[in-house]
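Examination of the molecular architecture
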There are 2 protein chains.
Amino acid sequence: MIPEEIRAFVAQVSKLPSIGPRQATRLAFYIAQQGKAAITDLRDAIDRLLELKNCEQCFRISKTINGLCDICANPSRNQGIIAVVEKETDILSLENTRKFTGRYLVLGELSKDAVLTGLQKLRLNHLKSFIQQRLAGMATEIIIALNPTTYGDLDASLVAEELKPLTKKISRLGRGLPTGGEIEFADDETLGSALDQRK
Amino acid sequence: MIPEEIRAFVAQVSKLPSIGPRQATRLAFYIAQQGKAAITDLRDAIDRLLELKNCEQCFRISKTINGLCDICANPSRNQGIIAVVEKETDILSLENTRKFTGRYLVLGELSKDAVLTGLQKLRLNHLKSFIQQRLAGMATEIIIALNPTTYGDLDASLVAEELKPLTKKISRLGRGLPTGGEIEFADDETLGSALDQRK
């Protein structure tokens, strides 16, 4: 009774975070109803995501040139100051404050059981090699910009433990952020003060 | 700073119902991170929606054969009993009760200002012609199965007004349904009694 095409769509789309099978089913019928132009526009928009890559230095999903994203390739960004974030949308929020001129490291989604995943360890090791080779073994500052949630705090301690020997200063975003909240949802001003008051 | 590919995706996806630009942005980065196989699977799933069409009789989105969906083409369904619904997912819920053996008419999304849209009028006119030509001017029963919400009730009156001269019986789903709720979220049993107690 449900067309196989709808089932296939629901199977793919309900894998995405925060979309359940019911919402996926409604989306499937809605999109199918939109007709050819709308469906191909959507398909093409997804197709274009294939052109994006992980930056080889900060790992954020980006249009890379010679392997680097526009932030890592920007000579006016301070390579010795590194903000460690969970995800790309956190970078967007931090960039909107216009208060940070260093570079980033994207850790990838934090696991809720407060252990670093294999991928996160690889990325931290990549940062360590970068500090060894390009910063003579010592970063100016590392800002651990993870969500101030219970497991964000635990992960932040794990990351701090790893990086402490390799930086003059290690900081976290000031607790201007409401505890339990998410970086992505903070307004620019709150997030700006959090950058100012880092300790 | 945000890649054009991400912006293009967000522009398309935030047009969809119940997905805002912020969720679309997170989805974009998430999908881009999944890599080639996952992205092409998703693209192909959307592409396949192109194979679906509106049934020429009930207008539901479906895999049609000779213009008809599997319900309309099924000779054991009673063509003289017609349930008027808003959307395809409402049909899925009604079919799950296994209590309805008639056919459907999909009206399409109800407008919140309780007037019938041009498209809805066209579909009702199509049903009227069907009743004239195929049922000798008189349906056995029309069940108006619209959500029991304020504007659903108003639209139901408008639809009843249009169809009353063309049917022996006109009914609405029994108010076993919680008023203000939605058909899609009703459990099978509640929805089954609502079919039993239609008046």
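Use the structure listed above.
Side note on the relation of the copies chain A and chain B
Of the transformation placing chain A onto chain B, the axial shift is 0.0 Å and the rotation is 180 degrees, giving an RMSD of 0.1 Å. Viewed as a symmetry operation, the transformation between the two copies matches a two-fold axis. Residue Arg43(A) of chain A places its C-alpha closer to the rotation axis than any other residue of that unit, at 2.6 Å. Looking at the interface residues of chain A, 100% of them are also at the interface in chain B, so both copies use one shared face.

Overview of the side chain of Thr89(A)
For Thr89(A), the position within the fold is in helix 4 (residues 88–96). Judged by relative accessible area, which is 7%, Thr89(A) ranks as buried. For Thr89(A), the contacting residues outside a window of four places in its chain are Glu184(A), Thr25(B), Arg26(B) and Phe29(B).

Points about unusual backbone geometry
Residues and elements named next belong to chain A. Positive phi outside glycine occurs at asparagine 66, with the angle close to 50 degrees. With respect to the secondary-structure elements, asparagine 66 resides in the loop between strand 2 (61–62) and strand 3 (81–85). Residue asparagine 66 is classed as exposed on the basis of its relative accessible area of 76%. In the Ramachandran plot, arginine 98 falls in the positive-phi region, its phi being about 55 degrees despite a non-glycine side chain. Note that arginine 98 resides in the loop between helix 4 and strand 4 (103–106). On the basis of relative accessibility, which here comes to 77%, the residue arginine 98 falls in the exposed class.

Topic: the pairing of strand 4 (residues 103–106) of chain B
All names here are of chain B. Burial along strand 4 is two-sided: the residues Arg103 and Leu105 and Tyr104 and Val106 are all buried. Bridge analysis of strand 3 (residues 81–85) against strand 4 gives four bridges, and the strand direction is parallel. Residue valine 85 lies in a different strand from strand 4, and its bridge partner there is valine 106. A crossover links strand 3 with its parallel partner strand 4, the connecting element being helix 4 (residues 88–96), and its sense is right-handed.

Structural notes on the sheet that holds strand 4 of chain A
Residue and element names in this part refer to chain A. Here we have four strands laid out as an open sheet, ordered 4-3-5-6, and parallel in their pairing. Two strands lie at the open edges of the sheet, namely strand 4 and strand 6 (167–172), each paired on one side alone. Pairwise comparison of adjacent strand axes, ignoring direction, gives a mean angle of 25 degrees for this sheet. Two elements, strand 5 (residues 139–145) and strand 6, share five bridges in a ladder whose sense is parallel. Paired with alanine 139 across the bridge in strand 6 is threonine 167.

Conventions used here
- Residues numbered from 1 in each chain as written.
- Chains lettered and ligands numbered in written order.
- Predicted model: local features only at pLDDT ≥ 70, side-chain atom pairs only at ≥ 80, totals over all residues.
- Heavy atoms only, no water.
- Least-squares fit on C-alpha atoms with pLDDT ≥ 70 in both.
- Contact = heavy atoms within 4.5 Å.
- Helix = DSSP H or I, 4+ residues; strand = E, 2+ residues; numbered from the N terminus.
- Buried < 20%, exposed > 50% of the residue type's maximum accessible area, 1.4 Å probe, protein only.
- Pairing = 2+ DSSP bridges.
- Right-handed = clockwise from strand over helix to strand, strands pointing away.
- Axes fitted to C-alpha atoms, helices over the stretch in contact; angles between N-to-C directions.

Keep in mind these numbers describe shape, not what the thing actually does.
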